[in-house]
Amino acid sequence: QVQLVESGGGLVQPGGSLRLSCAASGVTFNIYAMGWYRQAPGKQRELVAGISTAGSTNYADSVKGRFTISRDNAKNTVYLQMNSLKPEDTGVYSCTARLSGHMWPSHWGQGTQVTVSS
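These notes cover the structure that comes with them.

Rules used in this analysis
Residues numbered from 1 in each chain as written. Predicted model: local features only at pLDDT ≥ 70, side-chain atom pairs only at ≥ 80, totals over all residues. Heavy atoms only, no water. Core = buried A, V, L, I, M, F, W, Y, C linked by side-chain atoms within 4.5 Å. Buried < 20%, exposed > 50% of the residue type's maximum accessible area, 1.4 Å probe, protein only. Helix = DSSP H or I, 4+ residues; strand = E, 2+ residues; numbered from the N terminus. Salt bridge = Lys/Arg side-chain N within 4 Å of Asp/Glu carboxyl O. Disulfide = S-S within 2.5 Å. Pairing = 2+ DSSP bridges. Axes fitted to C-alpha atoms, helices over the stretch in contact; angles between N-to-C directions. Phe/Tyr/Trp six-rings, centres within 6.5 Å; stacked < 30°, edge-to-face > 60°. Lys NZ or Arg CZ within 6 Å of the ring centre and 35° of its normal.

**A closer look at the nonpolar core**
One recurring pattern in soluble globular proteins: nonpolar side chains tend to sit buried together.
Argument step 1. Ranked by internal contacts, the top residues of the largest apolar core, which has 27 residues, are Met 34, Trp 36, Phe 67, Val 78, Leu 80, Met 82 and Tyr 93.
Argument step 2. Counting only elements with at least two residues in this core, the list comes to strand S3 (18–25), strand S4 (32–39), strand S5 (46–51), strand S7 (67–72), strand S8 (77–82), strand S9 (91–99) and strand S11 (112–116).
Argument step 3. The element that contributes the greatest number of residues to this core is S3, accounting for four residues.

**A closer look at the pattern of salt bridges**
Argument step 1. As enumerated under the stated definition, the model contains four salt bridges in all.
Argument step 2. Residues Asp 61 and Lys 64 are paired through a salt bridge, measuring 3.1 Å at the closest nitrogen-oxygen approach.
Argument step 3. Note on Asp 61: relative accessible area 64%, which makes it exposed.
Argument step 4. Close ionic contact of Arg 66 with Asp 89 constitutes a salt bridge, the shortest N to O distance being 2.7 Å. Note that Arg 66 is positioned in the loop between strand S6 (57–59) and S7 and Asp 89 in the loop between S8 and S9, a separation of 23 residues in sequence.
Argument step 5. Three or more residues are tied together by salt bridges with common partners; here these are Arg 38, Glu 46, Arg 66 and Asp 89.

**Notes on the state of the cysteines**
Argument step 1. Tallied over the full model, the rule gives one disulfide.
Argument step 2. In this model Cys 22 forms its disulfide with Cys 95; the gap between the sulfur atoms is 2.1 Å. Handedness here is read from the sign of the S-S torsion; for Cys 22 and Cys 95, about -75 degrees, the answer is left-handed. Of the two residues, Cys 22 sits in strand S3 while Cys 95 sits in strand S9, which places them 73 residues apart along the sequence.
Argument step 3. Owing to a relative accessible area of 0%, Cys 95 belongs among the buried residues under this scheme.

**Remarks on the sheet that holds S7**
Argument step 1. Here we have four strands laid out as an open sheet, ordered S1-S3-S8-S7, and antiparallel in their pairing. Lying at the two open borders of the sheet, with one neighbouring strand each, are strand S1 (3–7) and S7. When the angles between neighbouring strand axes are averaged without regard to direction, this sheet yields 15 degrees.
Argument step 2. Bridging between S3 and S8 involves six bridges; their strand directions are antiparallel. Its bridge partner lying in S8, Arg 19 is registered against Gln 81.

**Structural notes on the packing of aromatic side chains**
Argument step 1. Under the definition given, this model contains one aromatic pair.
Argument step 2. For the ring pair Tyr 37 and Trp 108, a centre distance of 4.8 Å and an interplane angle of 50 degrees mean the geometry is tilted. In this pair, Tyr 37 sits in strand S4 while Trp 108 sits in strand S10 (residues 107–108), placing the two residues 71 residues apart along the sequence.
Argument step 3. For Arg 19, the ring lying beneath its charged end belongs to Tyr 79, and the centroid distance is 4.0 Å.

Written as structure tokens, this is what we have:
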């Protein structure tokens, strides 16, 4: 059974930092591209960051220079380091796993809440 379990969300002040983690089980982790999606209140879900099986990364324009995605294949874990957080970064962050050649993720985590507020 495939499981993606996120952790690390919470409440942080503007300008602060958080590190999200996503632990995968039940999958051959290193054959999946991994990603982090964000669902903000009243907005469409968006892809915030992605990392390929080879380690190539891509980011939404809104987070470039502030967020960093990384993966540790030995630990079956993907991370999202979020710095200089803004109130508009608030939302539910979900980890995803996508097979190469597929357009959409095949597996989703349950999500973790990130709230940026003073």
